[in-house]
Amino acid sequence: MIGTKSISVLLASLTLAGAVSASAEEPPRGEAKLAEMLEGRVAGEPAECLSESQRDSIQIVDGTAIVFRDGGTLWVNRPAGAQFLSRGDLPVFHQFSSQLCRLDQVELRDRIGSGTMPGPRLALGDFVPYTKADHQEAAEGG
């Protein structure tokens, strides 16, 4: 005969297994948003740095990445600690040269508040360029 405690443990295990399998099926919301932004684009060779001219606009994808737009190219950076990223944050970059480079830091400040309270600091990773597939073929001479 199965005791009440055994049934509780079994039900908790089944609930946890269901939650794990559901999360394995659906990507996190930020990943889905980034995939939508990159649809129809092809990744290029990662770069260690971006110049000022390669940063027309910046968009934060919740818990996932910082995306820099340079004309038709989207440069995706997945900093260490990306789970702290929120589109409500104001990114303040701390760079050590005229370019923004891997291992430079971005400090996240609350855009809604005064913006003066420092938040988490994240170390930037490589910058991966994504261009439209037809631009990629033209660049390769195809």
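Structural data are supplied above this passage.
Residues numbered from 1 in each chain as written. Predicted model: local features only at pLDDT ≥ 70, side-chain atom pairs only at ≥ 80, totals over all residues. Heavy atoms only, no water.

Enquirer: Describe the overall build of the protein, and please don't skip the residues or the numbers.
Expert: Secondary structure summary: the protein contains three helices and 10 strands in total. When the helices and strands of the protein are placed in sequence order, the string is α-α-β-β-β-β-β-β-β-β-β-β-α. Taken across its 142 residues, the protein has 29% of its residues classed as buried. Sequence separation of 24 or more characterises 56% of the internal contacts of the protein that already satisfy a separation of 6 or more. Summed over its atoms, the accessible surface of the protein is roughly 9100 Å², and 56% of this surface lies on carbon and sulfur atoms. (Helix = DSSP H or I, 4+ residues; strand = E, 2+ residues; numbered from the N terminus. Buried < 20%, exposed > 50% of the residue type's maximum accessible area, 1.4 Å probe, protein only. Contact = heavy atoms within 4.5 Å. Areas by Shrake-Rupley, 256 points an atom, 1.4 Å probe, with all protein chains shown as cover.)

Enquirer: So what about the nonpolar core? Which residues, and what values?
Expert: Grouped together as the largest cluster of nonpolar side chains are 14 residues, with contacts concentrated most on Ile66, Phe68, Leu85, Phe93, Val106, Leu124 and Phe127. For this core, the secondary structure elements donating two or more residues are β4 (65-70) and β8 (105-110). In this structure, leucine 124 is in contact with Ile66, Asn77, Pro79, Phe93, Leu100, Cys101, Arg102, Leu103, Asp104 and Val106, ignoring residues within four places of it in sequence. If you look at the next biggest cluster of nonpolar residues, it comprises 10 residues, including Leu34, Leu38, Val67 and Tyr130. (Core = buried A, V, L, I, M, F, W, Y, C linked by side-chain atoms within 4.5 Å.)

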